[in-house]
Amino acid sequence: MFKDPFDAKSLLGRRCSCGADHEPQDHDKLTANSAQAAVPGGDEARWNRVVDAAVLRAVFPVDATRRQFLTTVGAATAMAMSGLDQALWDIKGKAAGWPLYKLLGGSNRPVPAYAGGISLGYQPPEALVAEAEPMVEMGYRALKLRIGDTVANDIARMTAVRRRFGDGIAILTDANTGYSVADVRRVLPAMDELGIGWLEEPFPAHDHRSYALARSFGRTPLAAGENHYTRFEFNRVLEDGSITILQPDLSKTGGLTEALALTDAARAAGFEVMVGCMLSTSLAMAPASLLAGLAEFVDLDGPLLLAKDRTPALRYEGDTLHPPTPELWGWSTLQSRNSVGIRRPSPG
């Protein structure tokens, strides 16, 4: 049986439902004055209790436990919680006067990025290859193809891409819940032969039985997670072991706090993590950029696909995505702006 890694007293609290080690009647004594102590070298645990309490008080009754809150929310509440959580991280960085990547112990290391959004129209194989060529020329060494048309057509497209670019390019696939169990039984042997990196979301998020069946059809890993809400919905995924590449979406997981806890548990259990995005502005991508350093694959090009991004925006320069500026999210304008970010692939 998979042991819940989040069932620790340090997360749930010993006495008060907000997660702090104090009596419930003393809850309201956690005020903004406590937040002022959260500076480098200050009481980090004290700040975390303030953040925890603020999230609970903002979106759920104070007398509910943290676990009860996180395991009973619906999708809309989880998305609202995600926004609140990331706003609180922004406050934390500004109060501490440090970039959040430093507070989180982050550093600069290259992370593979893949080119997504290919084959959105299920075009013929030759047209798909033509669309992928400029992305490979830009330096991408991984391509994600949209599948779920018909098994025969999907195999033809994957085969065309593999023949054109050879084994030096990773091919990833996303069925967007468009497959049946019978479809996966037919397509996985072909994916194994073609060396496909993963099959993403062949079924809806909570169709655990189909994922368990599909795991036995081939060697290609199954990926999912963009439609799982809070880390507790991932517990079943970790326990089953059918899905081995987890894909948290920070707009649905409950924010950066939940995503960090999930990523720690996934990596401890030997799972891989992919950080991606929907069509989003730079403000939505900024927290995800911090999580990317813990991931095996990254797709954070959402702002580049917009006709107009917000101002200020993330800075994409050459093969590097730079960290958020103070004006955008996460830290004080008093700090240095040395770029420590995520590298995108270079040609060659």
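Here, the structure is the one placed above.
Residue numbers restart at each chain and count upward from 1, following the sequence in its written direction. Reporting of local features is limited, given that this is a predicted model, to residues whose pLDDT is at least 70; pairs of side-chain atoms are given and counted only at 80 or more, and all residues count toward the totals for whole chains, interfaces and linings. Side-chain numbers come from the whole structure's heavy atoms, not from hydrogens or water.

Colleague: So what's going on with the nonpolar core? Which residues, and what values?
Modeller: In this description, a nonpolar core means a group of buried Ala, Val, Leu, Ile, Met, Phe, Trp, Tyr and Cys residues linked to one another through side-chain atoms lying within 4.5 Å. For the exposure calls, accessible area comes from a 1.4 Å probe over protein chains only, and a residue counts as buried if that area is under 20% of its type's maximum, exposed if over 50%, partly exposed in between. With 65 residues, the main nonpolar core has Leu143, Leu199, Leu246 and Leu300 as its most contacted residues. When residues of this core are assigned to their parent elements, the largest contribution, six residues, is made by helix H12 (residues 256-268). In this structure, Tyr114, Ala142, Leu172 and Trp198 belong to the second largest nonpolar core, which totals eight residues. For the purposes of this entry, the term helix denotes a DSSP run of H or I that reaches at least four residues, the term strand denotes a run of E that reaches at least two, and both are numbered from the N terminus.

Colleague: How would you explain helix H9 (residues 181-194) if you had to name every residue and give the values?
Modeller: Side chains three or four residues apart in an α-helix point the same way, a direct result of the helix having 3.6 residues per turn. Given the number of residues in a helix, its expected span is that number minus one, multiplied by 1.5 Å. Look at H9: 20 Å from first C-alpha to last across 14 residues, which is about the 20 Å you get at 1.5 Å a residue. For H9, the full list of buried residues reads Val184, Val187, Leu188, Ala190, Met191, Asp192 and Leu194. Buried residues in H9 make contact with helix H8 (151-165), strand S3 (170-174), strand S4 (198-200) and helix H10 (208-214). Of the residues one or two after H9, glycine 195 is the one with positive phi, at around 70 degrees. Every residue pair with non-hydrogen atoms within 4.5 Å of one another is taken to be in contact.

Colleague: Quick rundown of the pattern of salt bridges? Include the residues and the values.
Modeller: In what follows, salt bridge is the name for a side-chain nitrogen of Lys or Arg lying within 4 Å of a carboxyl oxygen of Asp or Glu. Summed over the entire model, instances satisfying the criterion amount to nine salt bridges. Note that aspartate 90 and lysine 94 form a salt bridge whose closest N and O atoms lie 2.5 Å from each other. With a gap of four residues between them, aspartate 90 and lysine 94 both fall in helix H5 (residues 75-96), about one helical turn apart. Classification of lysine 94 by relative accessible area gives partly exposed; the value is 37%.

Colleague: Explain H8 to me, and be specific about the residues and the numbers.
Modeller: Along its 15 residues, H8 runs 21 Å from first to last C-alpha, staying within 8% of the 21 Å computed at 1.5 Å per residue. Within H8, burial applies to Val151, Asp154, Arg157, Met158, Thr159, Ala160, Val161, Arg162 and Phe165. Looking at the buried residues of H8, the elements they touch are helix H7 (125-137), strand S2 (142-146), S3 and H9. One or two steps after H8, the chain reaches glycine 166, where phi turns positive at roughly 75 degrees.

Colleague: Lay out the pairing of strand S6 (residues 243-246) in plain terms, naming residues and giving numbers.
Modeller: Here, any two strands with at least 2 DSSP bridges between them count as paired. Bridge count for strand S5 (residues 222-224) against S6 is three bridges, and the pairing is parallel. In the strand pairing of S6, leucine 222 is matched with isoleucine 243. Between the parallel elements S5 and S6, the chain passes through helix H11 (residues 233-240) in a crossover that is right-handed. For S6 and strand S7 (residues 272-275), the ladder comprises two bridges, and the chain directions are parallel. Opposite isoleucine 245, over in S7, you have glutamate 272 as the bridge partner. Clockwise travel from the first strand over the helix to the second, with the strands pointing away from the viewer, marks a crossover as right-handed. Crossover connection from S6 via H12 to parallel S7: handedness right-handed.

Colleague: Would you mind going over the environment of valine 129 in detail, with residue names and values included?
Modeller: Tracing the backbone through its elements, the reader meets valine 129 in helix H7. With residues near it in sequence (within four places) discarded, valine 129 still touches Ala160, Val161, Arg164 and Phe165.

Colleague: Could you give an account of the pairing of S2, naming the residues involved and the relevant values?
Modeller: Counting buried positions over the five residues of S2 gives four, a clear majority of the element. Sheet analysis places S2 next to S3, joined by five bridges and oriented parallel. Residue pairing in the sheet places leucine 143 in a bridge with isoleucine 171 of S3. The parallel pair S2 and S3, bridged by H8, forms a crossover whose chirality is right-handed.

Remember that the coordinates give geometry; whether it matters functionally is a separate question.
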